[in-house]
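# Geometric and topological summary
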Amino acid sequence: MSAELRTNIAVVGAGPAGLAAAHAALAQGADVTLIDDNPSPGGQIWRGTGLARGPNVKQARLLASTRVVAAPQAGSLLLESMNEGQVLRYRRLVVATGARERMLPFPGWTLPGVTGAGGLQALVKGGLDVRGQRAVLAGSGPLLLAAAAVLQQAGAQVVLIAEQVSAAALARFAWALRAYPDKLMQAVALRWSLRAVPYHSHAHVLEAVGDERVRGVRIQHGERIREIACDWLGVGFGLIPNTELPQALGCDVAHGAAVVDALVHTSVAGVYAPGEACGIGGVDKAQLEGRIAGLAAAGADDAARALVPRRAPQLRFASLLQKHFALRPELLQTLRPDTLICRCEDVSHAQLSQFDSSREAKLLTRCGMGACQARMCGPICADLYGWVVDGHRPPLQPARLATLMSEPSNHDRKGVQPS
Ligand SMILES: Cc1cc2nc3c(=O)[nH]c(=O)nc-3n(C[C@H](O)[C@H](O)[C@H](O)COP(=O)(O)OP(=O)(O)OC[C@H]3O[C@@H](n4cnc5c(N)ncnc54)[C@H](O)[C@@H]3O)c2cc1C
């Protein structure tokens, strides 16, 4: 393990929220270290183009391809890169860890060629060649349109977008968007660019069909069921905040998101959680909250407070997303007994249905103990069986033994004393 690193402000996550936080703190003269597990900044939306599209953070120390794997004691993080484990000591911490896709299982969802909708978009942005291939996007929320547009631009034939909510819910959402002219214009432009693609509301996936890989999908559209041939199926039901690190730090989490105050400060002293980590609301919310967090972490509370009124409309937009894209209960009823729920450990719906709690299921089936550490199956089990998982044990992600052995020995996680 290399020497311990020290910084005034550590920012975990170089997406729009983390970049905005780093920029705002740097402008106050703070010493900032930015950590992200991707090779370059940008987060989910800008994917590696963050330095070109986000604010200037060149003065920050950037630890790319580096993951935070544990928060072993107040004021320190355990990091792992390709080559080494490192301890980073900080005075203030901005946790801008973003979100991941919400997945729901259905028969055939583990077939090659079936991914998340945002996951498929990410693969294409990463260079997957989909020219001339047929793709179906299904699930819920605005990400379906964004993903479809990226696939179409990359030369795929998007044969269908299946949105689970009703036409009435979509109309109400569109009407509410009039309070957000920029977002409305973006949505209209996106829909116009996809005008040749059928877009069905009140439609959901019943089953992905195929042997070696997906070759089609059965979709329920209202009362009708039909099978559509495809080479790729991307299914996602909105986003879930990444709260593993806030939870490891001891921050309060409610309704699946880090609890923050007006300055996006968590319940743990010196720890801020801007962006999707404190609630799903899109890139504008993430950037604004990142600026607030960066200013507050650097001690510029008055400047941070001056931005707080701008947060209210972003929070209202977040509520609109939640309200108008709520899941229809029948989406949880496509499962068969042999449908896998925990794909890392191959645990089926029939096996899990016998248990009353995630703890019991974990002990007897290893559900949630595989490579994803319950990132995927944890929320699914909450949806299907009502299981509550409180807290996560370190490491937050699979890590090398050598890294874990380099943890500082003091395990006090109470909080960071502000400088
Ligand atoms: C798959 C996907 C695709 C999306 N596509 C679009 C789109 O096309 N258009 C759109 O408007 N919105 C999209 N979004 C939503 C978009 O991400 C948000 O609106 C907003 O950009 C979130 O900003 P953020 O900074 O809060 O988080 P993010 O952009 O998610 O950034 C968080 C960063 O933290 C890193 N991170 C997390 N945990 C750790 C850790 N332990 N150690 C180190 N690094 C860590 C992540 O890798 C990521 O780079 C997408 C979301 C997802 C999940």
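Everything numeric here is computed off the predicted structure, so don't read it as measured data.

## Examining the site of the ligand
Among the 29 residues in the neighbourhood of the ligand, the closest are listed as Ala17, Asp36, Asp37, Gln121 and Glu276. Between Asp36 and the ligand, the recorded distance is 2.7 Å, taken from a side-chain N or O atom to an oxygen atom. At 3.0 Å from an oxygen atom of the ligand is found a main-chain nitrogen or oxygen belonging to Glu276. If the ligand stood free it would expose 980 Å²; the protein chains cover 89% of that surface. Those elements giving two or more residues to the shell around the ligand turn out to be helix H1 (16–27), helix H2 (43–46), strand S5 (67–73), strand S9 (99–101), helix H4 (117–125), helix H5 (143–153) and helix H9 (283–297).

## Observations regarding the sheet that holds strand S3 (residues 32–35)
Pairing is parallel in the open sheet, where five strands are placed in the order S4-S3-S2-S8-S21. At either margin of the open sheet sits one strand with a lone partner, and together these are strand S4 (61–63) and strand S21 (271–272). In this sheet, strand S8 (residues 92–95) lies alongside strand S2 (residues 9–12) in parallel orientation, the contact comprising four bridges. Its bridge partner lying in S8, Val11 is registered against Val94. Running over the sheet, H1 touches S2, S3 and S8 and is turned about 170° from S3. Its contacts with the sheet place H9 against S2, S8 and S21, and it is angled at close to 175° to S8.

## Considering the state of the cysteines
As enumerated under the stated definition, the model contains zero disulfides in all. No disulfide involves Cys278; its sulfur sits 11 Å from that of Cys251, the nearest cysteine. The closest cysteine sulfur to the non-disulfide-bonded Cys372 is located on Cys344, 4.0 Å from its own sulfur.

## A short note on the sheet that holds strand S6 (residues 76–80)
Read across the open sheet, the four strands follow the order S1-S7-S6-S5; overall the sheet is mixed. Both outer strands of the open sheet, strand S1 (5–6) and S5, are each paired with one neighbouring strand and no more. As defined by bridge partners, S6 adjoins strand S7 (residues 85–89) across five bridges and the pair is classed as antiparallel. Each bridged residue has a counterpart across the sheet, and for Leu78 the counterpart in S7 is Val87.

## A word on the domain arrangement of the protein
Here the protein is partitioned into domain 1 (5–100 + 240–320 + 399–405), domain 2 (103–237) and domain 3 (329–385). In this structure, domain 2 and domain 3 have C-alpha centres spaced 25 Å apart. Contacts between the two partners involve 13 residues from domain 2, matched on the other side by 14 residues from domain 3. Of the roughly 1200 Å² buried between domain 2 and domain 3 on both sides combined, carbon and sulfur atoms contribute 68%. Counting across the interface, domain 2 meets domain 3 through one salt bridge. The shortest N-O distance in the salt bridge between Glu207 and Arg336 comes to 3.1 Å. At the boundary of domain 2 and domain 3, one finds three residue pairs in polar contact (both at pLDDT 80 or more). Counted by class, the side of domain 2 that touches domain 3 contains nine nonpolar, three polar and one charged residues.

## Side note on the pattern of salt bridges
Proximity of charged atoms lets side chains of opposite charge pair with each other. Scanning the model with the defined rule gives 18 salt bridges in all. The closest approach of N and O atoms between Arg6 and Glu4, which form a salt bridge, is 3.3 Å. Overall, Glu4 belongs to the partly exposed group, its relative accessible area being 37%. Put simply, Glu244 and Arg100 hold a salt bridge, and the shortest N to O gap is 3.1 Å. Of this pair, Glu244 sits in helix H8 (residues 244–249) while Arg100 is found in strand S9, placing the two residues 144 residues apart along the sequence. What makes Glu244 buried here is its relative accessible area of 7%. Look at Arg100 and you get buried, because its relative accessible area is 17%. Members of the salt-bridge network, linked through shared partners, are Glu4, Arg6 and Arg89.

## Some points on the nonpolar core
In globular proteins that are soluble, nonpolar side chains generally tend to be buried together. The biggest cluster of nonpolar side chains holds 37 residues, and the ones touching the most others in it are Phe106, Val136, Val205, Val217, Ile219, Leu233 and Leu352. Of all the secondary structure elements, the ones that give two or more residues to this core are strand S11 (134–140), strand S12 (157–163), strand S14 (203–210), strand S15 (214–221), strand S17 (232–237), strand S22 (340–342) and helix H14 (377–385). In terms of residues, this core owes the most to one element, H14, which gives four residues. Two domains each donate at least three residues to this core, and these are domain 2 (103–237) and domain 3 (329–385). Excluding residues within four positions of it along the chain, Val205 makes contact with Phe106, Ala138, Val217, Arg218, Ile219, Leu233, Val235 and Thr334. Formed by 28 residues, the second largest nonpolar core is a distinct cluster that contains Leu19, Leu26, Leu34 and Leu288.

What counts and how
- Residues numbered from 1 in each chain as written.
- Predicted model: local features only at pLDDT ≥ 70, side-chain atom pairs only at ≥ 80, totals over all residues.
- Heavy atoms only, no water.
- Near = heavy atom within 4 Å.
- Polar contact = N/O pair within 3.5 Å; in protein donor to acceptor, adjacent residues only side chain to side chain.
- Areas by Shrake-Rupley, 256 points an atom, 1.4 Å probe, with all protein chains shown as cover.
- Helix = DSSP H or I, 4+ residues; strand = E, 2+ residues; numbered from the N terminus.
- Pairing = 2+ DSSP bridges.
- Contact = heavy atoms within 4.5 Å.
- Axes fitted to C-alpha atoms, helices over the stretch in contact; angles between N-to-C directions.
- Disulfide = S-S within 2.5 Å.
- Domains from an automatic or database assignment.
- Buried area = accessible area lost by both parts, 1.4 Å probe.
- Salt bridge = Lys/Arg side-chain N within 4 Å of Asp/Glu carboxyl O.
- Nonpolar A, V, L, I, M, F, W, Y, C, P; charged D, E, K, R; others polar.
- Buried < 20%, exposed > 50% of the residue type's maximum accessible area, 1.4 Å probe, protein only.
- Core = buried A, V, L, I, M, F, W, Y, C linked by side-chain atoms within 4.5 Å.

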